[in-house]
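Per-entry structural report
So the chains spell out like this:
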Amino acid sequence: MEVVIVPSAQQGSALAAGAIAQLLRTKHDAVLGLATGSTPLGVYDELARLHTDEGLSFAEARGFALDEYVGLPPDHPESYREVLRREIVGRVNFAPGAVRTPDGWASDLPAACADYEQAIVAAGGVDLQLLGIGTDGHIGFNEPSSSLASTTRVKTLTPQTRADNARFFDDDIDAVPEHVLTQGIGTILRARHLVLLAWGENKAAAIAETVEGPIRAMMPASALQLHPHATVIVDDAAASLLQKADYYRYVYDHKPAWQGI
Ligand code: F6R
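Residues numbered from 1 in each chain as written. Predicted model: local features only at pLDDT ≥ 70, side-chain atom pairs only at ≥ 80, totals over all residues. Heavy atoms only, no water.

**A short note on the site of the ligand**
The local shell around the ligand holds 15 residues, among which Thr-36, Thr-39, Asp-67, His-138 and Gly-140 are the closest. Contact between the ligand and Thr-39: an oxygen atom at 2.5 Å from a side-chain N or O atom of the residue. Side-chain polar atom of His-138 to an oxygen atom of the ligand: 2.6 Å apart, as the coordinates give it. Bound to the protein, the ligand loses 95% of the 410 Å² it would expose on its own. (Near = heavy atom within 4 Å. Polar contact = N/O pair within 3.5 Å; in protein donor to acceptor, adjacent residues only side chain to side chain. Areas by Shrake-Rupley, 256 points an atom, 1.4 Å probe, with all protein chains shown as cover.)

See below:
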């Protein structure tokens, strides 16, 4: 695992967007794993800028969202299908239908999950998966106690996650759905490059446990320790509880320039 500590979320977002741009330039039909929530918004802004200013093309790329709420009205502005359309898909030149989200409106949710898992395999797997992290250590919506081998399935959000996400629903926790569909931790681990982002002090405890704690189902993001190419990009505040922060800075500062993240 590589830990990159940056002075600001803006610099971290530019670094992640640069890795995605580099991937798209070398592999035009790359498969991107897209996160929602507030953390990746700067990455999406930078990708939209690269598309507009430098002609970065998404025409052959495909994308898979990490997760989706169950039971929101189909046109709800906070459904992840709609969030992704607003924040990235509608701002660049993805082909129609190239970006999928799990179907949180399906009448048969387990079948929709199996279909989603199969669609990722059929696309050749995810090349680069963007991830945020919950204050409770979730990735996707794999809440604490999730199997580290899990695949796409229905999960119940913890009260902590519903409280964290109430800010997207006019601070009304009762408006936050109780259930979601999410790629599993096993699904996420099959992506070829994992890029986890975290900004701010409220993520510091989860980041410290993810990077330096034991691998355990109660801290789902700690599964990244099992991945051969995982990059954790954090700002100073999110890095504030890392015991080996100076070491991570030293390693990154001495990295060969050609290596990228
Ligand atoms: C969103 C997702 C979640 C979020 C996490 C952090 O697709 O999978 O794991 O990344 O809840 O959310 P923010 O970024 O809003 O702090």
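**So, the packing of aromatic side chains**
Tallied over the entire structure, the rule returns 7 aromatic pairs. Between Tyr-80 and Phe-141, the ring centres sit 6.0 Å apart and the planes meet at 20°, which makes this aromatic pair stacked. Placement of Tyr-80 in helix H3 (residues 80–87) and of Phe-141 in the loop between strand E6 (128–131) and strand E7 (153–156) is noted, with a sequence separation of 61 residues between them. Classification of Phe-141 as buried rests on a relative accessible area of 3%. The rings of Tyr-69, Tyr-80, Phe-141 and Phe-169 are connected pair by pair, giving a single aromatic cluster. Positioned above the aromatic ring of Trp-105 is the side chain of Arg-81, whose terminal nitrogen or guanidinium carbon lies 4.2 Å from the ring centre. (Phe/Tyr/Trp six-rings, centres within 6.5 Å; stacked < 30°, edge-to-face > 60°. Helix = DSSP H or I, 4+ residues; strand = E, 2+ residues; numbered from the N terminus. Buried < 20%, exposed > 50% of the residue type's maximum accessible area, 1.4 Å probe, protein only. Lys NZ or Arg CZ within 6 Å of the ring centre and 35° of its normal.)

**Section: the sheet that holds strand E4 (residues 67–69)**
Backbone-to-backbone hydrogen bonds pair the strands of a sheet. The strands run either parallel or antiparallel. A sheet is described by the order of its strands in space; here 3 strands give the open sequence E4-E8-E7, paired in antiparallel fashion. Both outer strands of the open sheet, E4 and E7, are each paired with one neighbouring strand and no more. Each adjacent strand pair in this sheet contributes to an overall mean axis angle of 30°, direction not counted. Pairing between E4 and strand E8 (residues 179–182): 3 bridges, direction antiparallel. Within E8, the position partnered with Tyr-69 by the bridge is Val-180. (Pairing = 2+ DSSP bridges. Axes fitted to C-alpha atoms, helices over the stretch in contact; angles between N-to-C directions.)

**Digging into the sheet that holds strand E5 (residues 99–100)**
Spatial strand order, E1-E10-E9-E6-E2-E3-E5: 7 strands in an open sheet with parallel pairing. What marks the edges here is a single partner per strand, and that holds for strand E1 (2–6) and E5. Along the sheet, helix H1 (residues 9–26) contacts E1, strand E2 (31–34), E6, strand E9 (193–198) and strand E10 (230–235); its crossing angle with E6, the most-contacted strand, is approximately 160°. (Contact = heavy atoms within 4.5 Å.)

**Notes on helix H2 (residues 41–54)**
If you check H2, its first and last C-alpha atoms are 19 Å apart, about what 14 residues at 1.5 Å a residue would give, namely 20 Å. Inspection of H2 places Val-43, Tyr-44, Glu-46, Leu-47, Ala-48 and Leu-50 among the buried residues, and these make up the whole buried set. Buried residues belonging to H2 abut H1, E2, H3, E6 and E9. Two residues or fewer after H2 comes Gly-55, characterised by a positive phi angle close to 75°. (Expected span 1.5 Å × (residues − 1).)

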